[in-house]
Amino acid sequence: MYNVNCQRSDISHDEELISIIGIMVESNLKAGRQDLVPGKPLVYGQSITDACIGWEDSVPLLKNLAEAVRKRRLVKAEES
């Protein structure tokens, strides 16, 4: 698994990473997951299935990935 906190320049120049064509991110309002327990109220915005990253991590992650894509496109254009 690739560390999403890596430098954006790593993604735009690393030959092993430039072949990535998509990602899957499980995100919710609240990070983590919770068990469905009868009689116990659920935490709004937190998954009951898989653990997810929270909104506070989702936004910078998507911004970093978008910036990496822009940089990679510039690198590819310069190579052409």
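See above for the structure.
Residues numbered from 1 in each chain as written. Predicted model: local features only at pLDDT ≥ 70, side-chain atom pairs only at ≥ 80, totals over all residues. Heavy atoms only, no water.

**Q** Looking at this structure, how should I read the overall build of the protein?
**A** Helix and strand counts for the protein come out as two helices and zero strands. Within the protein, the proportion of its 80 residues that are buried is 19%. In the protein, the share of contacts with a sequence separation of at least 24, taken over all contacts with a separation of at least 6, comes to 45%. By element, 57% of the accessible surface of the protein is carried by carbon and sulfur atoms, the whole surface being about 6,400 Å². (Helix = DSSP H or I, 4+ residues; strand = E, 2+ residues; numbered from the N terminus. Buried < 20%, exposed > 50% of the residue type's maximum accessible area, 1.4 Å probe, protein only. Contact = heavy atoms within 4.5 Å. Areas by Shrake-Rupley, 256 points an atom, 1.4 Å probe, with all protein chains shown as cover.)

**Q** Explain the pattern of salt bridges to me, please; I cannot follow it from the model alone.
**A** Two side chains carrying opposite charge are able to pair once their charged atoms lie near each other. Evaluation of the coordinates by the stated rule reveals two salt bridges. Among the ionic pairs, Asp35 bridges to Arg33, the shortest N-O distance being 2.8 Å. Judged by its relative accessible area of 38%, Arg33 falls in the partly exposed class. For Glu67, the salt bridge is made with Arg70, and the minimal N-O distance between the two is 3.2 Å. Highlighted residues: Glu67 and Arg70, both in helix H2 (residues 55-79), separated by three residues, approximately one helical turn. For Arg70, a relative accessible area of 47% puts it in the partly exposed group. (Salt bridge = Lys/Arg side-chain N within 4 Å of Asp/Glu carboxyl O.)

**Q** Can you walk me through a nonpolar patch on the surface in this structure?
**A** Residues Ile20, Ile23 and Val25 make up a contiguous nonpolar surface patch of about 250 Å² in total accessible area. Position of Ile23 among the secondary structure elements: in the loop between helix H1 (8-13) and H2. (Patch = residues over 30% accessible without salt bridge, like charges linked within 9 Å, V, L, I, M, F, W, Y side chains within 5 Å.)

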